[in-house]
Amino acid sequence: MQNWQLWASAAAFFGALTALLIKVGVQGVDAGMATLFRTLAVAIVLALVLLATGRLDWQELRQLPLPGLAALALSGVATGLSWFCYSRALQLGPVAGVAALDKLSVVLIALLALVLLGEQLDLRAWLGVLLMAVGAALVAWV
């Protein structure tokens, strides 16, 4: 299955499910502890999937150049911080509003990809980014 739109749609579905389950799960527990537990669950599930599909290959990671490993490590740090902030926000606010503001990451991604990676979007795509920003604001603050 190589269709990126299908994988992205599946990610959106699981992301929505994640938000609902976190909202239920973080009640009465520290957001950091909840994030740690989630992270351990993710690591175990991914290890099992890689093992079951025969793709658990540490040698592959060892062959990555240092900048690639550093980028992956920093990505992990950003993910952990993002998950912690998301869990805390869900403890304090409504799931629809929290999820909407979290999706402002799409707007930030478009801007950062343009500035840092030189990735171009056409006018129609920028309109979509703008509408996402407006939509997130409307859900979160109106």
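Just so it is clear, the model here is predicted, and its values are computed rather than measured.

> Can you walk me through a nonpolar patch on the surface in this structure?
A cluster of nonpolar residues, I44, L48, L51, L56, W58, L61, L64, L66, L69 and L72, forms a patch on the protein surface that exposes about 990 Å² of accessible area. Within the residue set of the nonpolar patch, elements represented by two or more residues are helix 2 (31-52), helix 3 (58-62) and helix 4 (66-92). Mapping L69 onto the fold places it in helix 4.

> Looking at this model, I keep getting lost on helix 5 (residues 95-102). Mind explaining?
The periodicity of an α-helix, 3.6 residues per turn, causes residues three or four positions apart to be oriented the same way. Among all positions in helix 5, only G97, V98, A99 and A100 are buried. In this structure, the buried residues of helix 5 make contact with helix 4, helix 6 (104-117) and helix 7 (123-141).

> Would you explain the side chain of Q91 in this entry?
In this structure, Q91 sits in helix 4. Not counting residues up to four positions away in its chain, the partners in contact with Q91 are K23, V26, Q27, V29, D30 and A31.

> Can you help me understand the pattern of salt bridges in this one?
When the charged atoms of two side chains with opposite charge come close together, those side chains can pair. Tallied over the entire structure, the rule returns one salt bridge. K103 is the partner of D102 in a salt bridge, and the nearest nitrogen-oxygen pair spans 3.3 Å. The class of D102 is partly exposed, set by a relative accessible area of 25%.

> Honestly, the packing of aromatic side chains in this entry has me stumped. Any pointers?
The description of an aromatic ring pair uses the distance of the two centres, along with the angle that the planes make with each other. Under the counting rule described, the total for this entry stands at one aromatic pair. Measuring from ring centre to ring centre gives 5.2 Å for F13 and F14, while their planes differ by 70°; the resulting arrangement is edge-to-face.

> What is the right way to look at the environment of Q27 in this model?
Tracing the chain through its elements places Q27 in the loop between helix 1 (4-25) and helix 2. Through-space distance from the C-alpha of Q27 to that of L92 is 9.6 Å; in sequence the pair is 65 residues apart. Once you skip the residues sitting within four places of it in the chain, Q27 turns out to touch L90 and Q91. Side-chain polar atoms of Q27 contact the backbone oxygen of K23, separated by 2.9 Å.

> Is there a simple way to explain the nonpolar core in this structure?
It is characteristic of soluble globular proteins that their nonpolar side chains tend to be buried jointly. Membership of the largest hydrophobic core is limited to eight residues, which are A19, I22, V26, A34, Y86, L90, V98 and A99. Among the elements of the structure, helix 1, helix 4 and helix 5 are those that each provide at least two residues to this core. With residues near it in sequence (within four places) discarded, V26 still touches A34, S87, L90 and Q91.

> Got a minute to help me understand the layout of surface pockets in this structure?
Any empty space left between atoms is shown by rolling a water-sized probe over those atoms. Of the voids in this model, the largest pocket is the one considered here, and its volume is about 1,200 Å³. Taken together, 30 residues form the lining of the largest pocket, with F14, G15, T18, R38 and W83 sitting closest to its centre. Every element with two or more residues in the lining of the largest pocket is listed here: helix 1, helix 2, helix 4 and helix 6. Considering only residue class, the lining of the largest pocket consists of 22 nonpolar, five polar and three charged. Of the voids in this model, the second largest pocket is the one considered here, and its volume is about 370 Å³. Contributions of two or more residues to the lining of the second largest pocket are made by helix 2 and helix 3. For the lining of the second largest pocket, the class distribution of residues is eight nonpolar, no polar and three charged.

Calculation rules
- Numbering of residues begins from 1 in every chain and follows the order in which that chain's sequence is written.
- Restriction of local features to residues with pLDDT of at least 70 applies here, the model being predicted, together with a cutoff of 80 or more for giving and counting side-chain atom pairs; totals for whole chains, interfaces and linings are based on all residues.
- Hydrogen atoms and water are omitted, and side-chain values are computed over all heavy atoms in the structure.
- By definition, no residue in a patch forms a salt bridge, and every one has over 30% relative accessible area; like charges are joined within 9 Å, nonpolar side chains (Val, Leu, Ile, Met, Phe, Trp, Tyr) within 5 Å.
- To be clear on the numbers: accessible area is Shrake-Rupley with a 1.4 Å probe, and residue cover counts the displayed protein chains and nothing else.
- We define a salt bridge as a side-chain nitrogen of Lys or Arg found within 4 Å of a carboxyl oxygen belonging to Asp or Glu.
- Labels follow the DSSP assignment, with helices taken as runs of H or I lasting at least four residues and strands as runs of E lasting at least two, numbered in each case from the N terminus.
- Exposure is judged per residue with a 1.4 Å probe applied to protein chains only, and the accessible area is read against the type maximum: over 50% gives exposed, under 20% gives buried, and values in between give partly exposed.
- In this analysis, two residues are considered to be in contact whenever any of their non-hydrogen atoms come within 4.5 Å of each other.
- Only the six-membered ring of Trp is used, alongside the rings of Phe and Tyr, when aromatic pairs are assigned; centres must lie within 6.5 Å, and planes under 30 degrees apart are stacked while those over 60 apart are edge-to-face, with the rest tilted.
- Residues adjacent in sequence count toward polar contacts only when both atoms are side-chain atoms; beyond that, a polar contact is any pair of N or O atoms within 3.5 Å, and within protein one must be able to donate a hydrogen and the other to accept it.
- Buried Ala, Val, Leu, Ile, Met, Phe, Trp, Tyr and Cys residues that are joined via side-chain atoms within 4.5 Å together make up what is termed a nonpolar core.
- Both site types are read off a 1 Å grid over the protein atoms alone. A 1.4 Å probe that fits but cannot get out defines a cavity, while an open set with protein on both sides within 12 Å along at least five of seven lines defines a pocket; lining residues have an atom within 4 Å of a point.
- Grid points are joined across faces, edges and corners, and a volume is the space filled by probe spheres set on the points.
- Side-chain classes follow a simple rule in which Ala, Val, Leu, Ile, Met, Phe, Trp, Tyr, Cys and Pro form the nonpolar group, Asp, Glu, Lys and Arg form the charged group, and the remainder, Gly included, forms the polar group.

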